[in-house]
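# Tertiary structure, described
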Amino acid sequence: MTKWLALCPLLFGCTLELSVADDGPSDTRTQVALVPTTAANDVDVLFVIDDSPSGGGDLQLAWQQAFPTFLQALGPIDLPSVHIGVVSSDLGTKGAEDAAPGPGIGSGPGSCSGVGKDAALQTSTLMTGEFIADTDSGGGNRAKNYTGTLADAFTSISSLGSSGCGIEQPLEAARRAVVNPTLGFLRPGARLAVIFLTNEDDCSFATSTLLGVDTITLGPLQSFRCTRFGVTCDEGGKTPNEMNQVGAKAKCHANNASDYMTSVEATVAQLKASKGDARNIMVGAIAGVASSIEVGLEAPPGGGTAIPALMPACTWPSTNATQIDPAVRIVDAAHAFERHYVQMPCGVDMTAPAVGLAREIRAMLGDPCLTKPIATPADCEAWDTRADGSQTRLPACSMGTAECWRFVQDASCGGQGLRLEILRTVPPPTDTMTSLRCK
């Protein structure tokens with residue numbers, strides 16, 4: 001109690017206003033903690049990795065170098081019981097609604113044919129089975145299905161190369177891997193984390209019609225078709241024809257009514273249904289983030305007349321000068337989950353994304369550390385939420401109530417070193433999670 005009182009002037013200024021409506025949060029504060037009453041130790045982590053020529057190799061190597069940092073942040077004392085799987089964004093020319101793949105397109109690296117890598121979990125000679133398993137077997141012992149280090153095993157299954165289909169379908173690959181999982185990968189009682197690693201936006205198409213030769217309707221057979229028909233912008237791009245015009249466009253989001261692309265909303269709904277309680281899912285993305293997008297003109301590969309193209313949000317600092325495109329559809333999908341983390345991969349060092357993703361997963365397992373920084377003095381409110389969506393306000397301890405929340409300084413949390421402490425006289429229902437939202 002003394003520690004919390006010492007924090008009062010710093011965090012609250014002792015004048016924090018917490019007056020809110022009884023039926024839910026009063027504004028659009030940012031959620032900085034979502035703490036489950038019932039902690040867990042099992043988490044299944046699915047990585048969906050871009051292996052196209054446009055940037056797969058750069059991002060794969062950078063993430064592999066940051067992976068030990070991810071593991072350390074995920075389990076600074078003891079690693080949770082983890083299953084880790086990797087799938088490629090290459091699904092060939094088969095759309096979500098196709099009974100069979102469409103004709104192949106292109107040749108060599110980046111070409112697309114058949115079912116591609118078919119959303120199959122990648123395997124390795126360093127492990128048995130189709131995913132990494134490193135679980136707590138009791139008594140301080142671990143059950144592992146790999147040799148060497150966990151980082152070595154991950155590198156072996158995430159080194160997908162950079163010759164995969166240049167029409168990437170990461171959202172559809174994730175949906176297929178979660179809705180129809182490899183036997184044993186997804187455990188019924190485990191939490192789920194889905195992490196996308198890509199330098200381009202999602203191009204999950206409904207049917208292979210999107211890859212057809214009708215250039216009058218669809219435009220040149222390039223990945224810009226994915227933006228033109230898969231994204232809509234309230235300013236400058238309300239229709240596919242407007243999206244095809246050169247210039248800046250703002251307030252962009254997934255086109256869930258596209259005639260050619262899959263609905264991001266529908267994909268999100270299926271992912272959420274896989275766990276029953278969507279709060280037990282975290283979606284992360286190391287992908288391009290931009291408040292607006294720009295369409296310009298670029299010469300197609302091999303030269304020729306310039307055609308509409310999505311301008312990059314930034315350029316990766318490597319000899320390949322990999323362009324990072326705004327990933328509107330992927331970011332929309334991530335933000336549809338209460339637990340999400342999105343970071344732009346514009347630097348070779350992925351330490352910050354590695355730590356950020358790990359903290360979100362730890363929070364899902366029960367870690368009460370704040371996952372995002374807050375302003376001081378703080379303006380926050382806490383609510384107990386149930387799986388059915390019902391909410392009950394939880395007062396701050398400064399209000400003198402027996403059941404309340406407060407901040408405690410904890411250096412192990414990193415960042416500002418704050419964790420959420422909840423005082424209770426009666427245990428709440430087991431599906432209760434406390435959401436802390438701050439300005």
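Refer to the structure above for everything that follows.
Residues numbered from 1 in each chain as written. Predicted model: local features only at pLDDT ≥ 70, side-chain atom pairs only at ≥ 80, totals over all residues. Heavy atoms only, no water.

### Observations concerning the overall build of the chain
For the chain, the helix and strand inventory stands at ten helices and 19 strands. The C-alpha atoms of the chain give 23 Å as radius of gyration, which agrees with the globular expectation for 439 residues (22 Å, within 12%). Split into buried and exposed, the 439 residues of the chain put 53% on the buried side. Accessible surface computed for the chain: about 18,200 Å², of which carbon and sulfur atoms make up 53%. Side chains of the chain give 30 positive and 46 negative charges; the mean places of these two sets differ by 5 Å. (Helix = DSSP H or I, 4+ residues; strand = E, 2+ residues; numbered from the N terminus. Rg over C-alpha atoms; globule rule 2.2 N^0.38 Å. Buried < 20%, exposed > 50% of the residue type's maximum accessible area, 1.4 Å probe, protein only. Areas by Shrake-Rupley, 256 points an atom, 1.4 Å probe, with all protein chains shown as cover. Lys, Arg positive; Asp, Glu negative; His and termini not counted. Charge placed at Lys NZ, Arg CZ, Asp CG, Glu CD.)

### Some remarks on helix H4 (residues 170-179)
Burial of H4 is extensive: nine of the ten residues sit out of reach of the surface. Along H4, the residues that are buried comprise Pro 170, Leu 171, Glu 172, Ala 173, Ala 174, Arg 175, Arg 176, Ala 177 and Val 178.

### Concerning the sheet that holds strand S6 (residues 191-197)
The pairing of strands in a sheet comes from backbone hydrogen bonds and takes either a parallel or an antiparallel form. Spatially, the seven strands line up as an open sheet ordered S5-S4-S3-S2-S6-S9-S14, and their pairing is mixed. Only two strands of the sheet have a single neighbouring strand rather than two, namely strand S5 (141-144) and strand S14 (339-343). If you compare each strand with its neighbour and ignore which way they point, the axes differ by 15° on average. Bridge analysis of strand S2 (residues 42-49) against S6 gives seven bridges, and the strand direction is parallel. From the neighbouring strand, Val 45 faces S6, where its bridge partner is Ala 193. The sheet contacts of helix H10 (residues 351-365) involve S2, S6, strand S9 (281-286) and S14, and relative to S14 the element is tilted by about 180°. (Pairing = 2+ DSSP bridges. Axes fitted to C-alpha atoms, helices over the stretch in contact; angles between N-to-C directions. Contact = heavy atoms within 4.5 Å.)

### Considerations on unusual backbone geometry
In this structure, the amide linkage connecting Thr 376 to the following residue, Pro 377, adopts the cis form with an omega of 0°. Of note in the backbone geometry, Ala 119 takes a positive phi value of approximately 55° without being a glycine. Assignment of secondary structure puts Ala 119 in the loop between strand S3 (81-88) and strand S4 (132-138). Ala 119 gets classed as buried once you look at its relative accessible area, which sits at 12%. Positive phi, normally seen in glycine, also occurs at Lys 251, with a value near 55°. In this structure, Lys 251 sits in strand S8 (residues 247-254).

Treat this as a map of the structure, not an account of what it does.
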